[in-house]
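Topology and contacts: notes
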Amino acid sequence: MNPEIKRRIEQIRRGDVPEEYKKAIVGIIPDSWEPKKLKDICEINPPRKKKEAAQTTFLGMSDVDDSGHIIAQHKMDIHQIKSGLTPFERGDILVAKITPCFENGKGANTKTLQTETGFGSTEFHVLRNKKDGDFVFYHTISHSFRQKLEREMTGSAGQKRVQVDSLGNYVIPLPGRSERRSIVDILSAQDSIIVLKEKRLAEKQQQKKYIMQQLLTGKKRLSDFTVPWVATSLGNLFSERKETNCEKLQLLAITGTQGVIPRSKLDLKDNSSEDKSKYLKIRIGDIGYNTMRMWQGVSAYSDYEGIVSPAYTILKPVADIDAKYFSYLFKLPETVFLFYRFSQGLVDDTRNLKYENFKKITVRYPSDRREQTAIAKVLSTADREIDLLRQDIDQEKQKKKALMQLLLTGIVRVTR
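Being a predicted model, the structure only gives us computed values, none of them experimental.

Here's the deal with unusual backbone geometry
- Each neighbour pair has its own omega, and for threonine 99 with proline 100 the value is 5°, a cis peptide bond.
- Structurally, proline 100 is set in the loop between β6 (93–96) and β7 (107–109).
- For aspartate 224, which is not glycine, the phi dihedral falls at a positive 80°.
- Assignment of secondary structure puts aspartate 224 in the loop between α7 (177–215) and β11 (229–233).
- We classify aspartate 224 as exposed; its relative accessible area is 75%.
- Even without glycine at this site, asparagine 245 takes up a positive phi of about 55°.
- Looking at asparagine 245, the relative accessible area reads 56%, which means it is exposed.

Thoughts on the sheet that holds strand β5 (residues 86–89)
- Taken in spatial order, the 4 strands make up an open sheet running β4-β3-β8-β5, and their pairing is mixed. Across the chains shown, the open sheet's two edge strands, defined by having one partner strand only, are β4 (74–77) and β5. Strand-to-strand twist of the sheet, defined as the mean angle between neighbouring strand axes without regard to direction, takes the value 35°.
- Summarising the sheet, strand β3 (residues 55–59) and strand β8 (residues 117–120) pair through 3 bridges and their orientation is parallel. Among the inter-strand pairings, threonine 57 is bridged to a residue of β8, identified as glycine 118.

Let's talk about the pairing of β3
- Pairing of β3 with β4 involves 4 bridges; the strand directions are antiparallel. Following the sheet pairing, threonine 56 is matched in β4 by methionine 76.

Some points on empty space enclosed by the protein
- By the definition in use, this model includes 1 cavity of 30 Å³ or more.
- What the largest cavity holds in volume is close to 60 Å³.
- Lining the largest cavity, in full, are Pro47, Arg48, Lys49, Glu52, Pro87, Phe88, Glu89, Thr117, Gly118, Phe119 and Arg128.
- Those elements that place two or more of their residues in the lining of the largest cavity are β5 and β8.
- The class makeup of the residues in the lining of the largest cavity is 4 nonpolar, 2 polar and 5 charged.

Quick word on the packing of aromatic side chains
- Counted by the stated rule, this structure contains 13 aromatic pairs.
- Ring centres 5.8 Å apart and planes at 90° place the aromatic pair phenylalanine 330 and phenylalanine 358 in the edge-to-face group. With a gap of 28 residues between them, phenylalanine 330 in the loop between α8 (323–329) and α9 (333–342) and phenylalanine 358 in helix α10 (residues 355–358) connect regions that are remote in the sequence. Neither phenylalanine 330 nor phenylalanine 358 differs from the other in exposure class; each is buried.
- Each member of the aromatic cluster is reached from another via a ring pair, and the members are Phe238, Tyr289, Tyr325, Phe326, Phe330, Phe339, Tyr355, Phe358 and Tyr365.
- The residue whose ring lies beneath arginine 351 is tyrosine 340, and the NZ or CZ to ring-centre distance is 4.1 Å.

Observations concerning the sheet that holds strand β17 (residues 299–301)
- Taken together, 4 strands build an open sheet; the order of strands is β12-β19-β16-β17 and the sheet is antiparallel. At either end of the open sheet lies a strand with only one pairing partner, and these are β12 (238–241) and β17. Going from strand to strand, the sheet's axes swing by 30° on average, the running direction of each strand aside.
- Sheet topology note: the β12/strand β19 (residues 312–317) ladder contains 4 bridges and is antiparallel. Bridged to serine 239 within β19 is lysine 316.

About the thresholds
- Residues numbered from 1 in each chain as written.
- Predicted model: local features only at pLDDT ≥ 70, side-chain atom pairs only at ≥ 80, totals over all residues.
- Heavy atoms only, no water.
- Helix = DSSP H or I, 4+ residues; strand = E, 2+ residues; numbered from the N terminus.
- Buried < 20%, exposed > 50% of the residue type's maximum accessible area, 1.4 Å probe, protein only.
- Pairing = 2+ DSSP bridges.
- Axes fitted to C-alpha atoms, helices over the stretch in contact; angles between N-to-C directions.
- 1 Å grid on protein atoms, 1.4 Å probe; cavity = no way out; pocket = protein on both sides within 12 Å on 5 of 7 lines; lining within 4 Å.
- Points joined across faces, edges and corners; volume = space filled by probe spheres on them.
- Nonpolar A, V, L, I, M, F, W, Y, C, P; charged D, E, K, R; others polar.
- Phe/Tyr/Trp six-rings, centres within 6.5 Å; stacked < 30°, edge-to-face > 60°.
- Lys NZ or Arg CZ within 6 Å of the ring centre and 35° of its normal.

Listed below in structure tokens is the structure:
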């Protein structure tokens, strides 16, 4: 990477704001760059093609991520497409127009589309620029683009939308063609790094699922362990912890992916009650689960002592077992299905698994605690590898944001 770009990225990470950054923030661009409105360089929401191929692609909001990547494509025959959907062609830019999808960065560059044409959710705007689509795309996922258009969204709370006029009047600083290509090359290379690391993460996650399926079902035994497995009800292994009035302890959250963590680490608004006298105590070595979401596998082993919302159920081991092992067993699809069966409620949104039903569930597990611990260590090692990969990907995404800030504003100039 260009040494000047590296230096500038480090400045951004340190929070330094030199004079040229301040100029970029207030919209001062290099003299040789020309400010252009999107409507002057792009077709916005172009009409559907009169002649279309027999096969096309459908993209919903859930098929694109907040980095502008298509994560799923649904091939369809053209006659299956309902009227009213948003038509686009390969290479067009999709921009979500409804909150919170727009605020979360939903959108995509469709140059990797598997068909020549596609149809998307009605909540997409389409931008078409056949020559500089990649350059336009990077602007649409920039912080300044989101920030400006968020202020101009109209509609009721929770259903605000980006209007065509606001989109069309957004101004892009346009450098010369050669510099545009250089900028796109650098950002595309960074994108490729992220995609490769995300692919590696997906492979590691799949490997872990396979290992869990083998070790937690006894299909494969670790060496040196030959003691037979046993079956018993969960009530023989765990009791319910109902300790309250512990307001002075730290507030924790139980998540499906990050485990038990301090509530302050969640990037969410704190909606917890001011009166925490009824909040439940959770100790190190306990397992907590979301009473309304246990059938979705929302449970975790706690490495912290603190308090959690009464919406959770807290389990404390009462037998000679390794609770860490059971925290993994509770994530196994077969076990999660049992949680679903024993949950009560007319529809999924109201299903809950209270301890009185949880304790009736029968599971099979190694009777030798040492084997439980050995299996838990194998899976914990896999978790650490996955966490390191996630951290690495987060750093690469931060680097991409820094690159966009530097290159799309002209703070750092690049040439071929």
